[in-house]
Protein chains: 2
Amino acid sequence: MSGASPALVASGPACVALSGGVGGAKLALGLAHVMDPARLLVVANTGDDFEHLGLHVSPDLDTLTYTMAGLANAETGWGRAGETWTFMAALEALGGETWFKLGDGDLATHVERTRRLRAGETLGAITADLSARLGIQARIVPMSDDPVRTIIETKDGESLAFQHYFVRLGCAPQVAAIRFQGAERARPDPVMLAALSEAEVVVICPSNPLISIDPILAVPALRAAIEATSAPVVAVSPIVGGRALKGPTAKMMGELGMAVSADAVAGHYGDLLDGFVLDTADAALADSVRRLGIEVLVADTVMTSLDDRRALARRVLDFATRLGEASAGPQQAQPRT
Amino acid sequence: MSGASPALVASGPACVALSGGVGGAKLALGLAHVMDPARLLVVANTGDDFEHLGLHVSPDLDTLTYTMAGLANAETGWGRAGETWTFMAALEALGGETWFKLGDGDLATHVERTRRLRAGETLGAITADLSARLGIQARIVPMSDDPVRTIIETKDGESLAFQHYFVRLGCAPQVAAIRFQGAERARPDPVMLAALSEAEVVVICPSNPLISIDPILAVPALRAAIEATSAPVVAVSPIVGGRALKGPTAKMMGELGMAVSADAVAGHYGDLLDGFVLDTADAALADSVRRLGIEVLVADTVMTSLDDRRALARRVLDFATRLGEASAGPQQAQPRT
C-alpha cells in the first residue's frame, strides 16, 4: 500500500487534479513526479484573479506554474525564487498601489499575459504556451476562460473582491458568505471536459475548499463533468488536527459555521467524493468520514520536502486506483499499463 | 562673460527649454541648477513615445525625469541608476519581446503611467505628478497630450515606427524622410503656451534636431508661440566638430542631404533663432552662422560632469539674457531680480 507499482510510476492513470495555490500546487508537483506528466491535467482556480495596476493577475495559476516549473519561492510559498523587488520600490516612490507585492520576474508573467489577453488569446491558450515554455510537461488549465470572481461578503455588510479581503485586509474581516460572480455563465475549456471524460482518477488537492475548490466546482459544466465521471474522485484534507496548514481556511470555516475539522471538509464535498485522505493526526475521524459513504485513506499529508510530495502523490494515486478497480468489478481489475 | 550675475543665479529669467532625451536632459539639469527651477519649464519630445508590451512608454520624458530627479544611469545615458533586469530575463524565458530593454524600476513608471492614462488622466497631468513625487522642482511638460508619432521613411520604402528604427534596427536603415504623424492635430498644454508667452528666454537644448526638436516644432500652436515670443530663442548645437556627441544625428543629417556641421543645424532652425551656441571646436563656423542673422556664442558645450552642465547653462542663460536686453533697448537693460 505504501508505493505504486512500477507500471503506475512509469505512466500512471490519466489524472485530473483540481487545485488552488500553495497547498494544492505541492500535491500537483508530486503527481507530476510520480506519473507520466503528459497524462496529468491540473485545473486551476481563477476565482481570485483580478486586475491590478492595469494588469491581469492570476495568483493560483501562477503559483501552480512556478511550482511545477521549479521556479517557486520555497520560503514564501508564492512568487518566484531569486526574485528582485526594484519595481515595487520604484512604484512606491511614484505613489502607486503597493499592497499587492509583484516581484520583478513575476511581473513578466502579468505583463506578457495581459498583452496576449488584450490581443485576443484565451487565458487557457496563454497558460498552455507559457507553461510549455517553462518546461512543464503536465497541462495546467484555468477552470474557465470566462471571468469568475470570488467575492467575500463580510459580517459588516461589505462586498470585497477576493484579493482585497485576502491580501489588502489580511483576511481580517469576518466572512458571512462567499459568492463566485460570473460562475453560472462560465464555460470550461473543452480540453478539460475531454480530460475529465477520459480521467481514470480525479484528485481534489489539499486547497482551501471554500475559496480554491468551490469556485472551480461553481462552474456548472465542470461540476457536472466531475459528477458524471466514472473515475474515482478523491480529496486530500487541507485541515490537519483541526488546523489549516496554510492560510485562512480554518478561520473562514469557523466564521461560516462549519466545524473546523477534516471530516467537515469531507462533508462539504459530500456526494462528489469516492475517497478522502485524512492525515495520520486525524485517523480517529476515519469512521466519521466513512459514515458519509466515502472511503478513507490515512496518510502523512504534511508535505515539507519534494519526497513528501512524491510520497503523498503515490499514496493518493494508489488509493484512487484501488477505488476505481473496486467499482469497475473484477474483470477490469488488472493493473493498467 | 563667464558667469551669471548673483541675481541671475538666484532666480534667473523665466525659461522654457525644448528637449529630447540624453543630450538635452543634460542641459535641462544644468539649467535647473543655476536658476530658480520653479521658473524653468522643459518641453519634452513625445514623438518617440510608443506602446510596448501593452504599456505606454515615453522615452524622452523618462530620460528627462530621471535625469532631473538624479535617478539617471550616468553610464548608459538612459534608464535608471541601480537598475535590475529580472523582468527582462523572465520575459525572455516566456518568449516575450525583448528588443526594447525595460529595467525593473523603469517599469514602474510605464505601468503606473499606463494605468493612469487608461483611467483618463492626461499625459501632462501624470508627468507633473510623477515628477513632483520624485522631487523635481522644474516643470516637465510633454509637447502635447495628443499622440504624435515619429515615423521614419527609409530609402527601402519602409515606414518604421521610431523605436523600431532606433532601437530594434539600431538606426541601420537609410533615412529618406521623417514624418510626425498626428502633429497637425496635436494641441499643446495651455500651461506651456502660458509659459511661452511669459518666457524671458527660450532654449533649444542640444538634442537631435530631426527627431527630438522637430517633432516639438511640428505641433502648430507650439511653433506659432515660439515664433511669436518676444523672448530670445537660443539653440545649443548637438554637432561638435562635424560629429554628433550621441546617437544617430550625424548619420541622419547626412542621409537627408544636410551638411553634417553645427552651422547646418543653425540653418535648419533658421528664422526661429536669435542666438546659436557653437562649441569651441567649431569657432570657425561663427561667421557662417552670423550670416544667417543669428547671434553666436562660442562655449565649451561638451558636458561630462555636473559642473559642465551648470557652466554651459549659465553661459546660455547669460547669452540669451544679453540678447533679450539688446533687443528690448537700453531703458529695459537693467538686471532683472
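Scroll up to find the structure this text is about.
Keep in mind the model is a prediction, meaning the values are calculated, not measured.

Undergrad: Looking at this model, I keep getting lost on the relation of the copies chain A and chain B. Mind explaining?
TA: Note: a rotation about an axis with an accompanying shift along it relates these two copies of the chain. Overlaying chain A with chain B gives an RMSD of 0.0 Å, the required rotation being 180° about an axis along which the chain moves by 0.0 Å. Expressed as a symmetry operation, the mapping of one chain copy onto the other fits a two-fold axis. Measuring from the rotation axis to each C-alpha of chain A, the shortest distance belongs to A:Asp104, at 2.9 Å. Comparing interface residues between copies, 100% of those in chain A also lie at the interface in chain B; the contact surface is shared.

Undergrad: What is the right way to look at the environment of B:Val43 in this model?
TA: Residue and element names in this part refer to chain B. Inspection of the secondary structure puts Val 43 in strand S2 (residues 40-44). When the C-alpha atoms of Val 43 and Val 141 are compared, they prove to be 5.0 Å apart, with 98 residues separating the residues in sequence. If we ignore the near neighbours within four places in the chain, the residues touching Val 43 are Val 16, Ala 17, Leu 18, Ser 19, Val 141, Met 143, Met 192 and Ile 216.

Undergrad: Would you explain unusual backbone geometry in this entry?
TA: One can expect most non-glycine residues to show negative phi and most peptide bonds to be in trans. All names here are of chain B. Here the phi dihedral of Leu 53 falls at roughly 55°; this positive angle occurs in a residue that is not glycine. Among the structural elements, Leu 53 can be located in the loop between strand S3 (50-52) and strand S4 (55-57). Unlike most non-glycine residues, Cys 171 shows phi in positive territory, near 60°. Relative to the assigned elements, Cys 171 resides in the loop between helix H7 (162-168) and strand S8 (175-181). According to the C-beta neighbour criterion, Cys 171 is partly exposed, with 15 such atoms within 10 Å.

Undergrad: Whenever I open this one, helix H2 (residues 22-34) of chain B confuses me. Can you help?
TA: Note: α-helices contain 3.6 residues per turn, so residues at a spacing of three or four share the same orientation. All names here are of chain B. If you check H2, its first and last C-alpha atoms are 19 Å apart, about what 13 residues at 1.5 Å a residue would give, namely 18 Å. Summarising burial for H2: twelve of the 13 residues are buried, a large majority. Inspection of H2 places Val 22, Gly 23, Gly 24, Ala 25, Lys 26, Leu 27, Ala 28, Leu 29, Gly 30, Leu 31, Ala 32 and Val 34 among the buried residues, and these make up the whole buried set.

Undergrad: How should I be thinking about the sheet that holds strand S5 (residues 139-142) of chain A in this particular structure?
TA: Within a beta sheet, neighbouring strands are joined by backbone hydrogen bonds and run either parallel or antiparallel to one another. Residue and element names in this part refer to chain A. Sheet architecture is open: seven strands sit in the order S5-S2-S1-S9-S10-S13-S14, paired in parallel fashion. Here the strands that pair on one side only, and so sit at the sheet edges, are S5 and strand S14 (295-299). Each adjacent strand pair in this sheet contributes to an overall mean axis angle of 20°, direction not counted. As defined by bridge partners, strand S9 (residues 201-204) adjoins strand S10 (residues 233-236) across three bridges and the pair is classed as parallel.

Undergrad: So what exactly am I meant to see when it comes to the packing of helix H8 (residues 190-198) of chain A against helix H10 (residues 220-228) of chain A here?
TA: Helices that pack against each other are described as a pair by the angle of their axes relative to one another and the distance between those axes. Residue and element names in this part refer to chain A. For the pair H8 and H10, interaxial distance at closest approach is 9 Å and the crossing angle is 10°. In terms of axis orientation, H8 runs roughly parallel to H10. Where H8 crosses over H10, the two elements pack in a sense that is right-handed. Contacts between H8 and H10 involve Leu 193, Leu 196 and Ser 197 from the former and Ala 221, Ala 225 and Ile 226 from the latter. Tallied by class, residues from the contact of H8 with H10 come to five nonpolar, one polar and no charged.

Undergrad: I keep staring at the interface of chain A and chain B and nothing clicks. Help me out?
TA: The interface of chain A with chain B comprises 25 residues on the first partner and 25 residues on the second. Among the elements of the structure, helix H4 (86-93), helix H5 (104-118) and helix H6 (123-133) of chain A are those that each provide at least two residues to the side of chain A that touches chain B. Here the side of chain A that touches chain B takes ten residues from H5(A), the largest share from any one element. Grouping the constituent residues of the side of chain A that touches chain B by class yields eleven nonpolar, eight polar and six charged.

Undergrad: Looking at this structure, I do not really get the sheet that holds strand S7 (residues 159-161) of chain B. What am I missing?
TA: Residues and elements named next belong to chain B. Taken together, the three strands give an open sheet; going across it, the order is S7-S6-S8, and neighbouring strands pair in antiparallel fashion. A single partner strand is all that each edge strand has here, and the edge strands are S7 and S8. Ignoring strand direction, the axes of neighbouring strands in this sheet form an average angle of 30°.

What counts and what doesn't
Residues numbered from 1 in each chain as written. Chains lettered and ligands numbered in written order. Predicted model: local features only at pLDDT ≥ 70, side-chain atom pairs only at ≥ 80, totals over all residues. Least-squares fit on C-alpha atoms with pLDDT ≥ 70 in both. Contact = placed C-beta atoms within 7 Å. Helix = DSSP H or I, 4+ residues; strand = E, 2+ residues; numbered from the N terminus. Buried ≥ 20, exposed ≤ 12 C-beta atoms within 10 Å, placed from the backbone. Expected span 1.5 Å × (residues − 1). Pairing = 2+ DSSP bridges. Axes fitted to C-alpha atoms, helices over the stretch in contact; angles between N-to-C directions. Parallel < 35°, antiparallel > 145°, perpendicular 65-115°, else oblique. Left-handed = near helix turned anticlockwise from the far one by under 90°. Nonpolar A, V, L, I, M, F, W, Y, C, P; charged D, E, K, R; others polar.

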